[in-house]
Amino acid sequence: MNFTEKDTERYVDALSSPEDVLLRELERETNLRAVQPRMLSGKVQGRLLEMVVRMLRPRRVLEIGTFTGYSTLWLAAGLGDGATVDTVEVDDELHGLSSSFFSRSPHAGKIVQHTGSALDIVPRLAKTYDLVFIDGDKREYPDYYRMLMGDAPGVHPSVAPGSYLIADNIIWYGKVAAPSPPSDRHTAAIKEFNRMVVEDPRTENVILPLRDGLNLIRVLSL
C-alpha cells in the first residue's frame, strides 16, 4: 500500500500537538466567511511559527498579511512578556473578524493591528524587527524584501544583522519549478523573490517544503 501526499499530511497533522479551542474556532470561521480560506496557515505551520518564536525569543515581530489572524495568534503565543507583533493587512474587510478573535486571546496585549499597504505602513513605523513573517500579496514579495533590507529609495532597513525573515507560499503550488507565462505575475514575483534572496550576500537561507513552502532567511549584514 502506497502513502499519498494527503495521507502523509493527515499523519503529520495527527501526530503534531493540537491547536487550542480559539484557533480551531477561527479556522472554522475562516472557512465559512473568507473568500479564499485556503490562505489560512494551518495547524502544523502555525505550530512551527510558534516554536520558531520561542527559540529566537524576538522582542519585535512583524507580520505582513494578517488575513483572518490565525498565524498572528500563533506568533503571539510564542512571544515573551513585553514582546509585540505588528501585523499589517491591506483588506479592511477582514479587520473585524481578526480583531474579534484577538480580543478573546490571552495574548491580545502583544498584538498591534494595522490596516493598509505594508509598503506604506512599515516604513512609517520606523522599527527594527527581530523576526518578519511575510504572507502578503505575492506580487509584492520583491518589494517587501527591498523595503525590509533598506534597498527601497528613502527607506531605512526594518531588520538588522541577526534578524530572521520567513516567507510563506514560496513554492506556490509547484509553479515556481516550471516555466510560467508572463501574465502570471504571482509566480513571477515569487521566483524573483527567491532569486533575490539566494543571490544576496547579506543573507543565508533554506527553503522548507512544508505545506506551500517557507523560505527561512537569516540576515548576516546590511
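Refer to the structure printed above.
Participant: Would you mind going over the pairing of strand β5 (residues 159-168) with me for this structure?
Facilitator: It is a general feature of regular strands that their side chains alternate between the two faces of the sheet. Relative to β5, strand β4 (residues 129-134) runs parallel, the two sharing five bridges. Note that in β5 the partner of L131 across the bridge is Y164. On the question of chirality, the crossover connecting β4 to the parallel β5 by way of helix α7 (residues 141-149) is right-handed. One ladder, built from five bridges, connects β5 with strand β7 (residues 214-219); its direction is antiparallel. Each residue of the ladder has a partner; that of A167, found in β7, is N215.

Participant: Where do I start with the pattern of salt bridges in this structure?
Facilitator: Opposite charge on two side chains lets them pair, provided their charged atoms get close. Per the stated rule, a full pass over the model turns up 15 salt bridges. Where D7 meets R10, a salt bridge forms, and the shortest distance between an N and an O atom there is 2.6 Å. In this pair, D7 and R10 both sit in helix α1 (residues 5-14), three residues apart, roughly one turn of the helix. Several salt bridges converge on common partners, so that one network encompasses R47, E50 and R54.

Participant: Looking at this model, I keep getting lost on helix α2 (residues 21-33). Mind explaining?
Facilitator: Residues that lie three or four places apart on an α-helix share one face, since the helix turns once every 3.6 residues. Between its first and last C-alpha, α2 extends 18 Å over 13 residues, near the 18 Å set by a 1.5 Å rise per residue. Of all the positions in α2, only L22, L23, L26 and T30 are classed as buried. With its buried residues spanning 95 degrees around the axis, α2 presents them on a single face. In α2, the exposed positions that point more than 90 degrees away from the buried face belong to V21, R28 and L32. Each element contacted by the buried residues of α2 is listed here: α4 (70-78) and α5 (95-102). For α2, the side-chain oxygen to backbone nitrogen distance between the N-cap and L22 is 3.2 Å, and the N-cap itself is D20.

Scoring rules and cut-offs
Residues numbered from 1 in each chain as written. Predicted model: local features only at pLDDT ≥ 70, side-chain atom pairs only at ≥ 80, totals over all residues. Heavy atoms only, no water. Pairing = 2+ DSSP bridges. Helix = DSSP H or I, 4+ residues; strand = E, 2+ residues; numbered from the N terminus. Right-handed = clockwise from strand over helix to strand, strands pointing away. Salt bridge = Lys/Arg side-chain N within 4 Å of Asp/Glu carboxyl O. Expected span 1.5 Å × (residues − 1). Buried < 20%, exposed > 50% of the residue type's maximum accessible area, 1.4 Å probe, protein only. Arc of directions from axis to C-beta. Contact = heavy atoms within 4.5 Å. Polar contact = N/O pair within 3.5 Å; in protein donor to acceptor, adjacent residues only side chain to side chain.

Read these as geometric descriptors, not functional statements.
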